[in-house]
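Next come the chains, spelled out residue by residue.
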Amino acid sequence: MGGVALDVGDSRVKAPDGGWGWAVLAGCFVITGFSYAFPKAVSVFFKELIREFGVGYSDTAWISSILLAMLYGTGPLCSVLVNRFGCRPVMMVGGLFASLGMILASFATSIIHIYLTAGVITGLGLALNFQPSLIMLNRYFSEKRPLANGLSAAGSPVALCCLSPLGQVLQYQYGWRGGFLILGGILLNCCVCGALMKPLVAPKNLKAKSLEEDNDKEEEGKEEKKKPKAKLLDFSVFKDGGFVIYTVAASIMVLGLFVPPVFVVSYAKELGNEDTKSALLLTILGFIDIFARPTCGIIAGLKWVRPRCVYLFSFAMLFNGVTDLIGSQAKDYASLVVFCVFFGISYGMVGALQFEVLMAIVGTEKFSSAIGLVLLMEAIAVLVGPPGAGRLLDATKKYMYVFLLAGSEVVLSAVVLATCNFFFIKRKPQDPSHKLECITVTDDTKTEVCSRPSEVNDEEEKGEREEQEKETKREASKELKEEEEKDKEKVDEVRPKSVTVDSQEVEKFLKEPQLNGGVTPSPETCL
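Rules used throughout
Residues numbered from 1 in each chain as written. Predicted model: local features only at pLDDT ≥ 70, side-chain atom pairs only at ≥ 80, totals over all residues. Heavy atoms only, no water. Helix = DSSP H or I, 4+ residues; strand = E, 2+ residues; numbered from the N terminus. Buried < 20%, exposed > 50% of the residue type's maximum accessible area, 1.4 Å probe, protein only. Contact = heavy atoms within 4.5 Å. Areas by Shrake-Rupley, 256 points an atom, 1.4 Å probe, with all protein chains shown as cover. Expected span 1.5 Å × (residues − 1). Bend = angle between axes of the 7 residues up to and from the residue. Core = buried A, V, L, I, M, F, W, Y, C linked by side-chain atoms within 4.5 Å. Salt bridge = Lys/Arg side-chain N within 4 Å of Asp/Glu carboxyl O. Phe/Tyr/Trp six-rings, centres within 6.5 Å; stacked < 30°, edge-to-face > 60°. Lys NZ or Arg CZ within 6 Å of the ring centre and 35° of its normal. Patch = residues over 30% accessible without salt bridge, like charges linked within 9 Å, V, L, I, M, F, W, Y side chains within 5 Å. Polar contact = N/O pair within 3.5 Å; in protein donor to acceptor, adjacent residues only side chain to side chain. Axes fitted to C-alpha atoms, helices over the stretch in contact; angles between N-to-C directions. Parallel < 35°, antiparallel > 145°, perpendicular 65-115°, else oblique. Left-handed = near helix turned anticlockwise from the far one by under 90°. Nonpolar A, V, L, I, M, F, W, Y, C, P; charged D, E, K, R; others polar. pLDDT = per-residue confidence, 0-100.

Summing up its helical and strand segments, the protein chain has 20 helices and two strands in all. Out of the 527 residues belonging to the protein chain, those deemed buried represent 46%. Pairs at least 24 residues apart make up 83% of the contacts formed inside the protein chain by residues separated by at least 6 positions. Counting every atom, the protein chain has about 28,000 Å² of accessible surface; 62% of that belongs to carbon and sulfur.

What follows is the structure, encoded as structure tokens:
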């Protein structure tokens, strides 16, 4: 889907898998942390806002809900902007919006003003940073992409561990208005992260080849004019059965995925534990999450695991759902600690794999549109999941049913993803004659075999790179052949010319008797 993206570059450009990609990964780490942790960190100021504006807790909770809704719901808008203007300018403008929203919120005179500034404007700014950063990460990493996704996803728990204490300090020292103002300045770092997203540029030799190809295409001309314009939002991804299955499963998963972290502290308080002791559960969960995400990224990058990363993702969701179901039976603080440890592991696995699996399904070209459409579907589930669990809690007055509901939803999503991929997404059997893409003859005795048809989108990119390397090898082999032919011509010139002998003279020479010690004159002996 390239659209008219300014930073997509040539589709033949090899992903560096390092180099400047590590700088892109660092920017993605920071952006992911801001995007996921900021809505939770703002909740530190809720008590002050309740006092200032005389509203209830449910009214202030809408700030975090609006932030998440903007982060997920503006996915298609972000896809269009990225395909039109490129990742770097969109991210830098998004950083300005995120900062401006918090700065304006510091001057708010009502809760509605905070909804519009800290909720809508800052949420839009974070969305304009989050999605393009994932797109750039997908372009810079191919073989090491699972590890890169795991490391970038670790930004969420790290930022949460940093922003929540920072928010408490700012509230104590400067009040909520000063805290919002300082947080707005901190969000300007999104512009710095956006500046790191350098577009990939084709090497000079590829540029020359592309220019030659363009000249050839200009001669044909008429066919190119008939081609339709590139789309800014490619809905053809819905024709891919794997993408549809992933979208449905992810939407079901989000219904219950975020419920336990929201209610686990209240669950601990309900069992009679102190506030500080109950809040420690989230710290334990976040600490485990920090190490679970990169570790899962390393495992997903293993040679025999990566082609089956969809099933690893299904296992992660199943693990998370079963943890919720077992945790619903917790009766004391120790059991809740064990629950948070296992939930942190499974939650980290899901966070590290969710976008890696999507990249593997749709590929690099369509990822910018696919992620926007997936986030839009998840936005609906995000707005329905936690409020629905809250209503269930109001009706039953028992946290057990809340955790049972969340666990059953996540388990259902795992079953949908695994079974549908197993039964409906089948690999086509390959004929023996089509096991290889091509065979290039390079010598009378040597043949060069190209790569097999790829089972994963990344292997297709490797095939393109190998073809480029093989073209250079062919040119080198041609030069060697020409040199060998020249050497042969020189040797032929040095050799003496062959002497021709008449057959009649040879017969005559053989019939005539020779005298002892004498030499019969003949054409050969005369020479």
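Turning next to helix H1 (residues 21-41). Here H1 spans 29 Å end to end across 21 residues, near enough to the 30 Å set by a 1.5 Å rise per residue. The sharpest bend along H1 reaches about 30° and sits at Ser35, with the proline Pro39 one to four residues further on. By the criterion of burial, H1 is predominantly enclosed, with 16 of the 21 residues buried.

Counting residues in hydrophobic clusters, the biggest one holds 125 residues, and the most contacted among them are Phe38, Ile114, Phe243, Phe313 and Leu358. Not counting chain neighbours up to four residues away, the residues in contact with Phe243 comprise Val237, Phe238, Leu358, Ile361, Val362, Ala370, Leu373 and Val374.

A few words now on the side chain of Thr74. With respect to the secondary-structure elements, Thr74 resides in the loop between helix H3 (57-73) and helix H4 (75-85). Excluding residues that lie within four positions of it along the chain, Thr74 makes contacts with Ala69, Leu124 and Ala127.

A word on the pattern of salt bridges. Applying the stated criterion across every chain, the model contains four salt bridges. Across the pair Glu52 and Arg177 runs a salt bridge whose closest N-O atoms are separated by 3.5 Å. In this pair, Glu52 sits in helix H2 (residues 46-53) while Arg177 sits in helix H8 (residues 155-186), placing the two residues 125 residues apart along the sequence. Classification of Glu52 as partly exposed rests on a relative accessible area of 44%. Accessibility expressed as a relative area gives 30% for Arg177, which makes it partly exposed. The shortest N-O distance in the salt bridge between Arg145 and Glu356 comes to 3.1 Å. Linking Arg145 in helix H7 (residues 145-153) with Glu356 in helix H16 (residues 333-396), this pair joins segments that are 211 residues apart in sequence. Residue classification places Arg145 among the buried residues on the basis of a relative accessible area of 1%.

So, on to helix H6 (residues 111-140). Taking 1.5 Å of rise per residue, the 30 residues of H6 would be expected to cover 44 Å, and the 42 Å separating its terminal C-alpha atoms lies within 8% of that figure. Of all 30 residues that make up H6, 25 are buried, and the element is covered over most of its length.

Next up on the list: the packing of aromatic side chains. Taken as a whole, this structure holds 18 aromatic pairs when the rule is applied. Relative to Phe423, the ring of Phe422 has its centre 5.1 Å away and its plane inclined at 90°; by these criteria the two rings are edge-to-face. As far as the burial class goes, Phe422 and Phe423 line up, both exposed. Members of the aromatic cluster, joined through ring pairs, are Phe258, Tyr267, Phe339, Phe343, Tyr347, Tyr399 and Phe403. Directly above the ring of Phe85 sits Arg84, whose terminal nitrogen or CZ lies 5.1 Å from the centroid.

Moving on to a nonpolar patch on the surface. On the surface, Tyr311, Phe422, Phe423, Phe424 and Ile425 cluster together to form a nonpolar patch covering roughly 570 Å² of accessible area. The biggest single contributor to the nonpolar patch is helix H17 (residues 399-424), with three residues. As for its placement among the helices and strands, Ile425 is situated in the loop between H17 and strand E1 (439-441). Among the residues examined, Ile425 registers a relative accessible area of 38% and is labelled partly exposed.

Within the element layout of this structure, Ile361 appears in helix H16. For Ile361, a relative accessible area of 18% corresponds to the buried category. Ile361 sits 115 residues away from Tyr246 along the chain, and the two C-alpha atoms are 8.7 Å apart.

If you trace the backbone, Arg293 turns up in helix H14 (residues 275-300). Classification of Arg293 as buried rests on a relative accessible area of 5%. Engagement of the side chain of Arg293 in a polar contact is seen with the backbone oxygen of Ala153, the distance being 3.0 Å. Of the polar contacts made by the side chain of Arg293, one reaches the side chain of Asp289; its length is 2.7 Å. Sequence-distant contacts of Arg293, defined by excluding residues within four places in its chain, comprise Gly150, Ala153, Ala154, Ser156, Pro157, Tyr347, Gly348, Gly351 and Ala352.

It is worth spelling out unusual backbone geometry at this point. Although it is not a glycine, Lys397 sits at a positive phi angle of roughly 65°. Tracing the sequence through the fold places Lys397 in the loop between H16 and H17.

All right, on to the packing of helix H12 (residues 241-257) against H16 then. Interhelical geometry of H12 versus H16 gives an angle of 155° and a closest axis separation of 8 Å. Judged by the angle between their axes, H12 and H16 are roughly antiparallel. Relative to H16, H12 is oriented so that their crossing is left-handed. Here the residues of the contact of H12 with H16 are counted per class, giving 22 nonpolar, five polar and one charged.

We now examine the packing of H2 against H8. Where H2 contacts H8, the two axes come as close as 11 Å, and the packing angle between them is 70°. Between H2 and H8, the angle falls in the class roughly perpendicular. Every pair of crossing elements has a handedness; the one defined by H2 and H8 is right-handed. Note on element contacts: H8 touches H2 through Gln171, Trp176, Arg177 and Phe180, opposite Glu48, Leu49, Glu52 and Phe53. Class assignment for the residues of the contact of H2 with H8 results in four nonpolar, one polar and three charged.

Further remarks concern the environment of Asp59. Along the polypeptide, Asp59 turns up in helix H3. The sequence separation of Asp59 and Phe46 amounts to 13 residues, and the corresponding C-alpha distance is 9.5 Å.

All right, on to the confidence of the model for the protein chain then. Per-residue confidence for the protein chain averages 76 on the pLDDT scale, and 72% of its residues sit at or above 70. Confidence, read as mean pLDDT per element, is least for E1 in the protein chain (39) and greatest for helix H5 (residues 87-105) (92). Across residues 428-457, confidence stays below pLDDT 50; counting only partners more than four residues off in sequence or on other chains, it has 43 contacts. Taken together, the stretch residues 494-499 has pLDDT below 50 and engages in one contact with residues farther than four places along the chain or on a different chain.

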